Amino acid sequence: MTRPQLAEARRVRTAELFGQGRASAEIARMLEVSDESVRRWKRLWEEGGTDALRRRPATGRPPKLDDAQVEQVRTALEQGAQAHGFEADLWTLERVGLVVERITGVSLSRASVWRLLTGRLGWSLQRPERRAVEGDESEIARWITHEWLRIKRGP
């Protein structure tokens, strides 16, 4: 369940407990919420019943991409950046924005691309490890165990 769904479930559970005649302080302890939240929810419940405690649809401008388009974008991004003609298999906000525009025809700002990735797709920032191309892991390990110890000990 998402965080908003969990919060709604907690409020609905509170309504059930109100219906059982439980005290506000007891409900607050049971659900590990503040007394003030329980009192606020009780006022809402008394005025509008359990429906008053349910989530409301988001207000404001609707998203530019519908759920089906978001899933198309997810599928495309999971193919990797190279599958979309980029040299390195690394996603940047600009690259994701280009792919979104190619697939859906919708142009998004960098901030909107970030919200799409983190909010709607649930992705997080990942930075690649910086490693020298010439790095030889076995030689590095040998140097640490032999040379570094010799240097550390001194002459």
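This text gives an overview of the structure that appears in the document. (Residues numbered from 1 in each chain as written. Predicted model: local features only at pLDDT ≥ 70, side-chain atom pairs only at ≥ 80, totals over all residues. Heavy atoms only, no water.)

### A closer look at the nonpolar core
Among soluble globular proteins, nonpolar side chains are generally buried collectively. Cut-off, in case you're wondering: Nonpolar cores are built from buried Ala, Val, Leu, Ile, Met, Phe, Trp, Tyr and Cys residues. Side-chain atoms within 4.5 Å join them into one set. Residue burial is assigned from relative accessible area. The probe radius is 1.4 Å, only protein chains are included, and a residue is buried under 20% of its type maximum, exposed over 50%, and partly exposed in between. Working definition: helices are DSSP H or I runs of at least four residues, strands are E runs of at least two. Numbering for both runs from the N terminus. A contact between two residues is defined here by any heavy atoms of the two lying within 4.5 Å.
Within the largest apolar cluster, 16 residues are counted, with the highest numbers of intra-cluster contacts made by Leu65, Leu77, Val100, Leu108 and Leu116. Elements that contribute at least two residues to this core include exactly helix H4 (67-78), helix H5 (93-104) and helix H6 (110-120). Sort the elements by how many residues they give to this core and H4 lands first, with four residues. Residue contacts for Leu77: discarding those within four places in its chain leaves Trp91, Val96, Val99, Leu117, Leu121 and Trp123. Counting residues in hydrophobic clusters, the runner-up holds 10 residues, among them Leu17, Phe18, Leu31 and Trp41.

### Brief notes about the pattern of salt bridges
In plain terms, the rule: Salt bridges are counted wherever a side-chain nitrogen of Lys or Arg sits within 4 Å of a carboxyl oxygen of Asp or Glu.
Under the counting rule described, the total for this entry stands at 13 salt bridges. The partner of Arg74 in a salt bridge is Glu71, with the nearest N and O atoms 3.2 Å apart. Of the two residues, Arg74 and Glu71 both sit in helix H4, three residues apart, roughly one turn of that helix. Take Glu71: its relative accessible area is 40%, and that puts it in the partly exposed class. The closest approach of N and O atoms between Arg142 and Glu139, which form a salt bridge, is 2.8 Å. Note that Arg142 and Glu139 are positioned in helix H7 (residues 137-153) at a spacing of three residues, about one turn of the helix. It is possible to trace a salt-bridge network through shared partners that takes in Glu8, Asp51, Arg54 and Arg55.

### What to know about the packing of H5 against H6
Basically, it comes down to this: Lines are fitted to the C-alpha atoms to define the axes, a helix being fitted only along its stretch in contact, and any angle between axes, read from their N-to-C directions, falls within 0 to 180 degrees. Between 65 and 115 degrees an angle is taken as roughly perpendicular, under 35 as roughly parallel, over 145 as roughly antiparallel, and anywhere else as oblique. Lys, Arg, Asp and Glu make up the charged group, whereas Ala, Val, Leu, Ile, Met, Phe, Trp, Tyr, Cys and Pro make up the nonpolar group; the residues left over, Gly among them, are polar.
For the pair H5 and H6, the least separation of the axes is 9 Å and the interaxial angle reads 85°. In terms of axis orientation, H5 runs roughly perpendicular to H6. Residue-level inspection shows Leu93, Glu94, Val96, Gly97 and Val100 of H5 in contact with H6, the latter providing Arg110, Val113, Trp114, Leu116 and Leu117. Its residues assigned to classes, the contact of H5 with H6 comprises seven nonpolar, one polar and two charged.

### A few points about H7
We apply this condition: Working rule for helices: expected span equals 1.5 Å times residues minus one.
A rise of 1.5 Å per residue sets the reference length of H7, with its 17 residues, at 24 Å; its end C-alpha atoms lie 23 Å apart and thus fit the reference within 8%. Once H7 ends, the next one or two residues include Gly154, with phi positive near 90°.

### With respect to the environment of Thr59
Structurally, the position occupied by Thr59 is in the loop between helix H3 (35-48) and H4. Take Thr59: its relative accessible area is 77%, and that puts it in the exposed class. When the C-alpha atoms of Thr59 and Ile151 are compared, they prove to be 65 Å apart, with 92 residues separating the residues in sequence.

### Re H5
Since the α-helix turns once every 3.6 residues, residues separated by three or four places project in the same direction. In this model H5 runs 16 Å from its N-terminal to its C-terminal C-alpha over 12 residues, within 8% of the 16 Å that 1.5 Å per residue would give. Among the residues of H5, Arg95, Val96, Gly97, Val99, Val100 and Thr104 are the ones counted as buried. Count one or two residues on from H5 and you reach Gly105, which has phi positive near 80°.

### A word on the packing of aromatic side chains
Counted only if it meets this: Planes of paired rings set the category: under 30 degrees apart is stacked, over 60 is edge-to-face and the rest tilted, where pairs are Phe, Tyr or Trp rings (Trp by its six-membered ring) whose centres lie within 6.5 Å.
This structure, assessed with the given rule, holds three aromatic pairs. Both rings, one in Phe86 and one in Trp91, keep their centres 6.1 Å apart while their planes meet at 75°; by these two values the pair is edge-to-face. Judged by its relative accessible area of 14%, Phe86 falls in the buried class. Classification of Trp91 as partly exposed rests on a relative accessible area of 23%.

Purely spatial values, then, with no claim about function.
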